[in-house]
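As a plain string of letters, each chain reads:
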Amino acid sequence: MMAALHIALRNPPINSKNPAIKERAQNVVLKVLTSFRGSDIEPAVKSLDKNGVDLLMKYIYKGFERPVENSSAILLQWHEKAFAIGGLGSIVRVLTARKTV
Amino acid sequence: MAYHSFLLEPISCHSWNKDRTQIALCPNNHEVHIYKKDGSNWNKIHVLKEHNGQVTGIDWAPESNRIVTCGTDRNAYVWTLKGDVWKPTLVILRINRAARCVTWSPKENKFAVGSGSRLISVCYFEQENDWWVCKHIKKPIRSTILCLDWHPNNVLLAAGSCDFKCRIFSAYIKEVEEKPAPTAWGSKMPFGEVMFESTGTSGWVHGVCFSDSGNRVAWASHDSTVAVAEGGKTAVCTSLSSETLPLLCVTFITENSLVAAGHDCYPVLFVYDSNNAALSFGGKLDVPKQSAQKGLTARERFQNLDKKASVDSKEAVLESVHKNSISQISILNGGKAKCAKFCTTGMDGGMAIWDVKTLESAMKDLKIV
């Protein structure tokens with residue numbers, strides 16, 4: 001599962017202007033995030049480096065924009081764990097980033 | 001560590017005189033108030049009323065004892081003390097948006113004003129006409145200049161801007177000085193030349209500072225990062241993303257240590273290691289108040305759980321000295337090479353003076369290299 005997370009977060013479509021690509025990437029990441037068990041979330045976030053946590057936050061907020069059935073609850077759990085590691089700074093970086101994921 | 005609350009309104013900007021007995025500050029209106037230290041009290045001795053808009057920048061030149069102020073009314077005034085009264089001289093900046101920041105150059109023969117008109121006005125005094133003249137640096141600035149700092153050679157100027165870049169310009173004015181010697185940032189320095197432009201950080205650059213030697217420049221950006229660039233054949237940039245809210249002001253206190261403060265209301269220390277080109281977090285520089293730990297009753301605990309879904313007993317009270325964002329930090333003595341005391345002012349209308357030695361002894365792992 002952790003490997004799936006790392007692979008899903010690799011090569012984010014940051015520089016792309018194609019909305020279809022970004023949509024596909026978002027769906028993949030969301031699928032991985034929702035298939036985690038609650039207790040596995042924390043070690044998974046701990047295994048990411050600083051840039052990884054910032055990237056994860058970007059995907060989480062993108063996921064909040066378009067809620068799908070149960071996605072918001074899972075995303076909130078991920079948000080809590082990512083916030084514990086990344087702090088307010090990671091959220092500020094989501095807001096100030098000019099190139100979105 | 002001393003804290004004095006001047007006003008209830010935010011302090012927009014401040015500047016100290018040479019012997020640090022007087023402070024000029026703007027209480028978020030069109031005036032500049034000068035306070036003088038009298039034992040442990042501060043008395044207001046002068047009120048400078050000339051601006052028609054909020055005063056956004058004040059700088060007090062230590063040697064020539066002149067104050068330059070700039071404001072949202074697109075003007076700058078140079079004040080000289082005649083007897084017991086401060087007399088203003090208008091400086092035409094030729095800008096059509098508000099001025100945001102102003103600093104005297106190290107030799108005090110020029111000053112630079114950053115403005116919302118996407119340019120920097122470098123002003124110098126022309127003896128023949130008895131008038132302050134200004135020259136503009138326009139390219140390649142794309143947005144408001146938020147902060148400025150001069151290099152010790154009196155020619156290079158670092159500017160942080162809302163177009164997410166920190167740049168070093170040459171502000172060489174041939175009328176008032178000779179050609180400068182080569183520096184780590186380059187050797188050809190015609191007026192307006194860009195010696196360095198930052199890449200890598202995004203977010204408005206709120207604060208910029210040269211180190212004492214001028215070989216390093218640090219800036220604080222709105223994406224909660226601090227970055228340091230070292231001049232050389234190719235400039236080396238290192239940045240650190242922090243877990244805190246964005247920092248608004250930054251200053252070097254030794255060649256390797258920086259203190260920065262911002263929306264988190266407490267100053268923070270960063271250490272730069274030039275061998276590994278790494279910037280690291282040094283510690284939070286705040287003297288925590290010994291808050292009385294009250295036990296929570298069962299009823300309060302349940303209420304907390306019901307209302308906020310939290311089991312913590314942390315109240316929403318700031319434990320730092322400043323109760324609102326810190327907007328400006330200035331060195332009191334020791335210079336940027338070996339600072340012994342620095343001062344912070346903020347949006348809570350208060351000013352705190354921090355002593356580096358007591359901070360070092362108070363925080364156990366703090367090391368100021």
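Residues numbered from 1 in each chain as written. Chains lettered and ligands numbered in written order. Predicted model: local features only at pLDDT ≥ 70, side-chain atom pairs only at ≥ 80, totals over all residues. Heavy atoms only, no water.

- Labelled according to an unreviewed UniProt entry, chain B appears under the name Actin-related protein 2/3 complex subunit, originating from Phoxinus phoxinus.
- Entered under Sequence similarities (unreviewed entry) in the UniProt record, the comment concerning chain B runs "Belongs to the WD repeat ARPC1 family." (UniProt positions renumbered as here; feature names shortened; annotations may be inferred.)

- Under an unreviewed UniProt entry, chain A has the name Actin-related protein 2/3 complex subunit 5 and belongs to Phoxinus phoxinus.
- Under the Function (unreviewed entry) heading, UniProt states for chain A: "Functions as component of the Arp2/3 complex which is involved in regulation of actin polymerization and together with an activating nucleation-promoting factor (NPF) mediates the formation of branched actin networks. Arp2/3 complex plays a critical role in the control of cell morphogenesis via the modulation of cell polarity development."
- As stated in UniProt under Sequence similarities (unreviewed entry), the record for chain A gives "Belongs to the ARPC5 family."

### Quick look at the overall build of chain B
So, step 1. When its secondary structure is counted, chain B shows two helices and 28 strands.
So, step 2. In summary, chain B has a C-alpha radius of gyration of 21 Å against a globular reference of 21 Å for 369 residues, a match within 12%.
So, step 3. Structurally, chain B occupies a C-alpha span of about 80 × 50 × 35 Å along its principal axes.
So, step 4. A burial count over chain B gives 52% of its 369 residues as buried.
So, step 5. When contacts within chain B are restricted to residue pairs at least 6 apart in sequence, long-range pairs at least 24 apart make up 48% of them.
So, step 6. When the accessible surface of chain B is summed, it comes to about 17,200 Å², and 50% of that surface belongs to carbon and sulfur atoms.
So, step 7. Looking at charge distribution, chain B has the averaged site of its 42 positive side-chain charges lying 2 Å from that of its 37 negative ones. (Helix = DSSP H or I, 4+ residues; strand = E, 2+ residues; numbered from the N terminus. Rg over C-alpha atoms; globule rule 2.2 N^0.38 Å. Buried < 20%, exposed > 50% of the residue type's maximum accessible area, 1.4 Å probe, protein only. Contact = heavy atoms within 4.5 Å. Areas by Shrake-Rupley, 256 points an atom, 1.4 Å probe, with all protein chains shown as cover. Lys, Arg positive; Asp, Glu negative; His and termini not counted. Charge placed at Lys NZ, Arg CZ, Asp CG, Glu CD.)

### Details of the overall build of chain A
So, step 1. Across its full length, chain A holds five helices and zero strands.
So, step 2. Order of helices (α) and strands (β) in chain A, N terminus to C terminus: α-α-α-α-α.
So, step 3. Its C-alpha atoms give chain A principal-axis dimensions of roughly 35 × 30 × 25 Å.
So, step 4. Looking at the 101 residues of chain A, the share that counts as buried comes to 44%.
So, step 5. Partitioning the contacts of chain A with sequence separation of at least 6, the portion at a separation of at least 24 is 74%.
So, step 6. Of the roughly 5,900 Å² that chain A leaves accessible, carbon and sulfur atoms contribute 57%.

### As for the pattern of salt bridges
So, step 1. Applying the stated rule across the entire model yields 12 salt bridges over all chains.
So, step 2. Glu243 of chain B serves as the salt-bridge partner of Lys50 of chain A, at 3.2 Å between the closest nitrogen and oxygen. A residue pair is termed interchain when its members come from two chains, as with Lys50 of chain A in helix α4 (residues 50–65) and Glu243 of chain B in the loop between β21 (236–241) and β22 (247–252).
So, step 3. Here the salt bridges do not stand alone but share partners, grouping Asp163, Arg167 and Glu197 of chain B into one network. (Salt bridge = Lys/Arg side-chain N within 4 Å of Asp/Glu carboxyl O.)

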